[in-house]
Amino acid sequence: RDLLARIEQENPRTNAFITVTAEQALEQARAADARRAAGETGALLGAPIAHKDLFCTQGVRTSCGSKMLDNFIAPYNATVVEKLANAGCVSLGKTNMDEFAMGSSNASSYYGAAKNPWNLDCIPGGSSGGSAAAIAARMVPAATGTDTGGSIRQPAALCGLTGLKPTYGRVSRWGMVAYASSLDQGGPMARDAYDCALLLGAMAGFDSKDSTSVDQPVDDYLAALEQPLKGLKIGLPKEYFGAGLDSRIGAATQATVAELEKLGATVKEISLPNLQHAIAAYYVIAPAEASSNLSRFDGVRFGHRCDDPADLTDLYKRSRAEGFGAEVKRRIMVGTYALSAGYYDAYYIKAQQIRRLIKNDFLAAFQEVDVVMGPTTPNPAWALCAKGNDPVAEYLEDIYTITANLAGLPGLSMPAGFADGLPVGVQLLAPYFQEGRLLNIAHQYQ
Ligand code: GLN
């Protein structure tokens, strides 16, 4: 009830929630009380959370930040939603996001931009900006997000939080509205690594309903937190500290590295030579997959349907023209172009080859070091609308985060101080399935 009151007070300022589910939340809370009274224990039993509005929630609108799904009420729960509910979590609602998770600012939401609680004139980051704003404004202690190219880590960094993108296949994608299926991964966002560890432990695991889910036991993430860092080898890619990085974030990253050295870590310069091609490859692959995934929104099966269609083609055309916003249309066009005959080899295949080279860069780096570390973002949160007419300027902000998705690696962003009052984050990347290591380092540092 306290948090619902807090949401009532703070949400008009931050626009973090698209839907608040007060009644269901109280019902779930009572059910958690009953489970506790019956002797059940568990840190998440009764823990309030929120879900990014692309996780399907039975009986509750799942809009994906789009007019297209403004009227969509999912008939089932996403696996992540189901697992967290089984652990006893109480969902207070669905959080704002860039339309279909396309963006790094939350500005493309049909429901209006979410705002950064640290400075309401600035973006909270995206696409999981509503989850980040909700946590930073203390409306919920933790929330789910999804990360296709940085959408958990970047808003976590810009709002002073900890966010973890798990290894591809660690968390089920079933019931997550698909953006780019080979890159999408759900994960936790919270104030610190401890809370992320709690959430990840409940979210992760094999799911036969997701064909890319990996059948591997889930680690004890809470136990991993307490490992000493002595002997940890950190790699700093020299390409992360070049032109384009805000000097205050560079300094904050170096200061964090120095703290980790005091805790027993050693540092080594490494190289990720194909970083320079990452944005170009990502912004071919992600739109290509999106153009395919979003073809299901045709005005027939899901969501928005235009009035009085003249015929079937008119129904498709106008439903999609009316339902999708500008950024989504741009991606569908870019993706369709890249996949079309004659361009497929030149763009899509090339991008896939670069993707492999990027993965190989990391595999080589992990021969030398345990984790790769650097800034999460090149800049702190920018002013709302600052990049409104320049999509490429916004794409460039993803430079440090998209490689983890292209390679399928786990990545974590943790708070690393401030740049003139705005939070900044540092990112840690580890070999496959070493989420525990990332949480361990963040916990020891924090
Ligand atoms: N900013 C990137 C994009 O727009 C990443 C978004 C995400 O991770 N969902 O595609």
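Heads up: the structure comes first, above all this text.
Here's what I pulled together on the structure shown here. Keep in mind it's a predicted model, so treat the numbers as computed, not measured. (Residues numbered from 1 in each chain as written. Predicted model: local features only at pLDDT ≥ 70, side-chain atom pairs only at ≥ 80, totals over all residues. Heavy atoms only, no water.)

Let us look at the overall build of the protein chain. Each helix and strand in the protein chain was counted, giving 15 helices and 11 strands. For 446 residues, the compact-globule estimate of 2.2 N^0.38 gives 22 Å, and the protein chain sits close to it at 21 Å. The principal-axis extent of the C-alpha atoms belonging to the protein chain is close to 70 × 65 × 45 Å. Counting over 446 residues, the protein chain shows a buried share of 58%. Sequence-distant contacts in the protein chain: of pairs separated by 6 or more residues, those separated by 24 or more amount to 75%. As presented, the protein chain carries roughly 17000 Å² of accessible surface, and 52% of it is formed by carbon and sulfur atoms. Mean positive and mean negative side-chain charge positions of the protein chain (40 and 46 charges, respectively) differ by 1 Å. (Helix = DSSP H or I, 4+ residues; strand = E, 2+ residues; numbered from the N terminus. Rg over C-alpha atoms; globule rule 2.2 N^0.38 Å. Buried < 20%, exposed > 50% of the residue type's maximum accessible area, 1.4 Å probe, protein only. Contact = heavy atoms within 4.5 Å. Areas by Shrake-Rupley, 256 points an atom, 1.4 Å probe, with all protein chains shown as cover. Lys, Arg positive; Asp, Glu negative; His and termini not counted. Charge placed at Lys NZ, Arg CZ, Asp CG, Glu CD.)

Near the ligand lie 15 residues; those nearest to it are S104, G149, S151, Y179 and Y282. S104 places a polar side-chain atom, nitrogen or oxygen, 2.7 Å from a nitrogen atom of the ligand. Here a nitrogen atom of the ligand and a side-chain polar atom of D398 are 2.8 Å apart. Calculation on the ligand without its partners gives an accessible area of 290 Å², and the protein chains cover 99% of this total. Among the detected pockets, the ligand sits in the largest cavity. Here the residues of the shell around the ligand are counted per class, giving 5 nonpolar, 7 polar and 3 charged. (Near = heavy atom within 4 Å. Polar contact = N/O pair within 3.5 Å; in protein donor to acceptor, adjacent residues only side chain to side chain. 1 Å grid on protein atoms, 1.4 Å probe; cavity = no way out; pocket = protein on both sides within 12 Å on 5 of 7 lines; lining within 4 Å. Sits in = over half its atoms within 2 Å of the grid points. Nonpolar A, V, L, I, M, F, W, Y, C, P; charged D, E, K, R; others polar.)

On the surface, V300, L312 and Y316 cluster together to form a nonpolar patch covering roughly 260 Å² of accessible area. Checked against the element boundaries, L312 lands in helix α10 (residues 312–323). (Patch = residues over 30% accessible without salt bridge, like charges linked within 9 Å, V, L, I, M, F, W, Y side chains within 5 Å. Salt bridge = Lys/Arg side-chain N within 4 Å of Asp/Glu carboxyl O.)

This brings us to the packing of helix α9 (residues 278–293) against helix α12 (residues 344–368). Between α9 and α12, the least distance of the axes is 9 Å, while the angle of their chain directions is 125 degrees. For the element pair α9 / α12, the angle class is oblique. Crossing of α9 over α12 shows left-handed handedness. Where α9 abuts α12, its residues A278, A281, V284, I285, A288 and E289 lie against Y347, Y348, A351, Q352, I354, R355 and I358. Among the residues forming the contact of α9 with α12, the class breakdown is 10 nonpolar, 1 polar and 2 charged. (Axes fitted to C-alpha atoms, helices over the stretch in contact; angles between N-to-C directions. Parallel < 35°, antiparallel > 145°, perpendicular 65-115°, else oblique. Left-handed = near helix turned anticlockwise from the far one by under 90°.)

Here we come to the pattern of salt bridges. The full count for this structure, using the stated rule, is 17 salt bridges. The closest approach of N and O atoms between D314 and R318, which form a salt bridge, is 3.1 Å. You can see D314 and its partner R318 sitting in helix α10, 4 residues apart, about one turn around the helix. Put simply, R6, E10 and R13 are held in one network by salt bridges that share partners.

Right, let's get into the packing of aromatic side chains. A complete count under the given rule lists 16 aromatic pairs for this structure. Plain terms: the ring middles of F100 and F324 are 5.8 Å apart, the flat faces sit at 70 degrees to each other, and that makes the pair edge-to-face. Here F100, found in the loop between β3 (90–95) and α4 (129–136), pairs with F324, found in the loop between α10 and α11 (326–339); they are 224 residues apart in sequence, far enough to count as distant. Note on accessibility: F100 and F324 belong to one class, buried. Where Y344 meets Y348, the ring centres are 5.2 Å apart and the plane angle is 35 degrees; that geometry is what we call tilted. Here Y344 and its partner Y348 are both found in helix α12, 4 residues apart, which amounts to about one turn of the helix. Taking the relative accessible area as the measure of exposure, Y344 reaches 32% and is therefore partly exposed. Overall, the relative accessible area of 14% leaves Y348 in the buried class. The rings of F72, F100, F297, F302 and F324 are connected pair by pair, giving a single aromatic cluster. Over the face of the ring belonging to W382 we find K387, whose NZ or CZ atom lies 4.8 Å from the ring centre. (Phe/Tyr/Trp six-rings, centres within 6.5 Å; stacked < 30°, edge-to-face > 60°. Lys NZ or Arg CZ within 6 Å of the ring centre and 35° of its normal.)

With that out of the way, let us pick up the environment of C159. On the secondary structure map, C159 appears in the loop between α5 (153–158) and β5 (162–165). On the basis of relative accessible area, C159 is assigned to the buried category, the value being 1%. As for C159 and A197, which are separated by 38 residues in sequence, their C-alpha atoms are 19 Å apart. Excluding residues that lie within four positions of it along the chain, C159 makes contacts with N116, P117, W118, P124, A132, A133, A136 and P423.

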